[in-house]
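# Descriptive analysis of the structure
Letter by letter, the chains look like this.
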Amino acid sequence: MPTFSVAERDRRWDLAREFMSREGLDALLVFGEHEDAGPAPFNYDTWFTNGRAGTTVIFPRKGEPVSLLPMEMFTKDHLESARRGDTLWMAPENLRMFRDSRVVTATLNELGLAKAAVGVVGLEGFPPWHPEGIVPYRFWTNVLAAFPAATFTPVGTALSRLIMPLGPEEIAVVRHSARIGDAMVRAMAETAAAGVPESEVYAAGMAAGYARGTTPAAMHFWTGPDPLARGLPPWSHRPQAPRVLQDGDIVSAEVFSNAAGRHTQHQVTITIGEPHEDLLRAADVARAAYDAGLSALRSGRTFGDAVADIRKPCAAAGGWEFGPAVHTLNPTIAASGFPGHDMAGADAYPAEDDHPTMAADMELEPGMTFALEPNYVYGRHLAYLGGTVIVGDDGAIELNPYTAQLLRA
């Protein structure tokens, strides 16, 4: 299991200080989302702390960051980790209780930042879960009232692009996460069969992740002869029995692996019995888009140019795209566009508009990670495939060729 060293901490903290100096900032105020947030979490706090998610970090340009904790349990975990000899980035004296506006105000005053220029991570949109930021209204109103002479500037987007190119230690962890994701999918393919409850397939995948030392986010998971859906299985939020798999079904899933806060994603289509001919046709288009992505995700290009290349095989294939074909990881700040579509039977639902590409101007750099997940549909037969790709010095580095194809149960 690769780990993050103090040298990695210093690399990140130096990047943050250089960022503040370049942007004319005296400090950063960084909000983190609850640690059970699931896929695409807003966990910028952990980039600074290498600790539990769900904290608020205040990082003065001169000095060390301070982490504000949501509950006492965080200090107990920190103490126990210290007793065990773990490498901790935050010293006990730089931890505070709690992270409400009162403590943020006191900490900013303590650090001499009452009239400072402060960059804030959390005010800008973070689609799809937080389209207008994560900072609570009452909290932010209290902070602004307490510091009329300070300047607070949203810097989440700029910081995101700064931290997307991963360092060598982070890339080692991403590779480890990708291997775990493959193991999760293999366990699912080995379990899936006609007559097996779909919940057993789900459990096999999650268990493979847990057994390898991760706590993966709950996967998106649907089964049936032609499911056109994405999200948690319906029995996770409604009282109903899981389906029993049948011959001719597919398992369609998004598997999320998470090792030490570095995420990989794995698109899964598992066939039970002989696949429908339209599914095979759709898989051919999706695979062509995947191959185009391996060529397109190169350093020096823009994300928008790469997206255009990835979508070319879909343009004249006669079917339709279900969702984005590629999006960023670590963090998830950009996704490819795709056209809106009207599925059969969807007349009663809100119309779906075209989806533009997010952050099309972003220049690709070595160390950036992407979920390359092309998908295509003929009729109701959806082929979704792909995995995690790293932008390398000389081209894309493919981590999950196993899931870049239809899988047989």
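Residues numbered from 1 in each chain as written. Predicted model: local features only at pLDDT ≥ 70, side-chain atom pairs only at ≥ 80, totals over all residues. Heavy atoms only, no water.

Per an unreviewed UniProt entry, the protein chain goes by M24 family metallopeptidase and derives from Streptomyces tendae.

### A look at the side chain of Asn 43
Note the threshold: Segments assigned H or I by DSSP are reported as helices when at least four residues long, segments assigned E as strands when at least two residues long, and all are numbered from the N terminus. Type-normalised accessible area, obtained with a 1.4 Å probe on protein chains alone, sets the label of each residue: buried when under 20%, exposed when over 50%, and partly exposed for intermediate values.
Within the fold, Asn 43 resides in the loop between β1 (27-31) and α2 (44-49). A relative accessible area of 18% means that Asn 43 is categorised as buried.

### Re the environment of Pro 41
Defined as follows: Residue contacts follow a heavy-atom distance rule, with two residues in contact if any of their heavy atoms lie within 4.5 Å.
Structurally, Pro 41 is set in the loop between β1 and α2. Judged by its relative accessible area of 16%, Pro 41 falls in the buried class. Remark: the alpha-carbon pair of Pro 41 and Ala 217, spanning 176 residues in sequence, is separated by 9.8 Å. With near-sequence residues (within four places) excluded, Pro 41 lies in contact with Glu 33, Phe 126 and His 263.

### Some thoughts on the sheet that holds strand β8 (residues 250-259)
Note the following rule: Strand pairing is defined by DSSP finding a minimum of two bridges between the two strands.
With mixed pairing, the four strands of this open sheet are ordered in space as β7-β8-β9-β16. At either margin of the open sheet sits one strand with a lone partner, and together these are β7 (220-224) and β16 (407-408). Strand direction decides the pairing type here: β8 and strand β9 (residues 262-271), joined by 10 bridges, are antiparallel. Across the sheet, residue Ser 252 finds its bridge partner in β9, namely Thr 269.

### Focus on helix α5 (residues 137-146)
Operational definition: Think of the arc as the fan of directions from the helix axis to the C-beta atoms.
Inspection of α5 places Phe 139, Trp 140 and Val 143 among the buried residues, and these make up the whole buried set. Seen along its axis, α5 keeps its buried residues to an arc of 90 degrees; they face one direction. Seen from the buried face of α5, the exposed residues on the opposite side, beyond 90 degrees, are Tyr 137, Arg 138 and Ala 145.

### Here we look at helix α3 (residues 73-84)
Spelled out, the test is: An expected span of 1.5 Å times one less than the residue number is assigned to each helix.
Between its terminal C-alpha atoms α3 stretches 17 Å, which fits the 16 Å expected from 12 residues at 1.5 Å a residue. At the exit of α3 stands Gly 85, carrying a positive phi of roughly 90 degrees.

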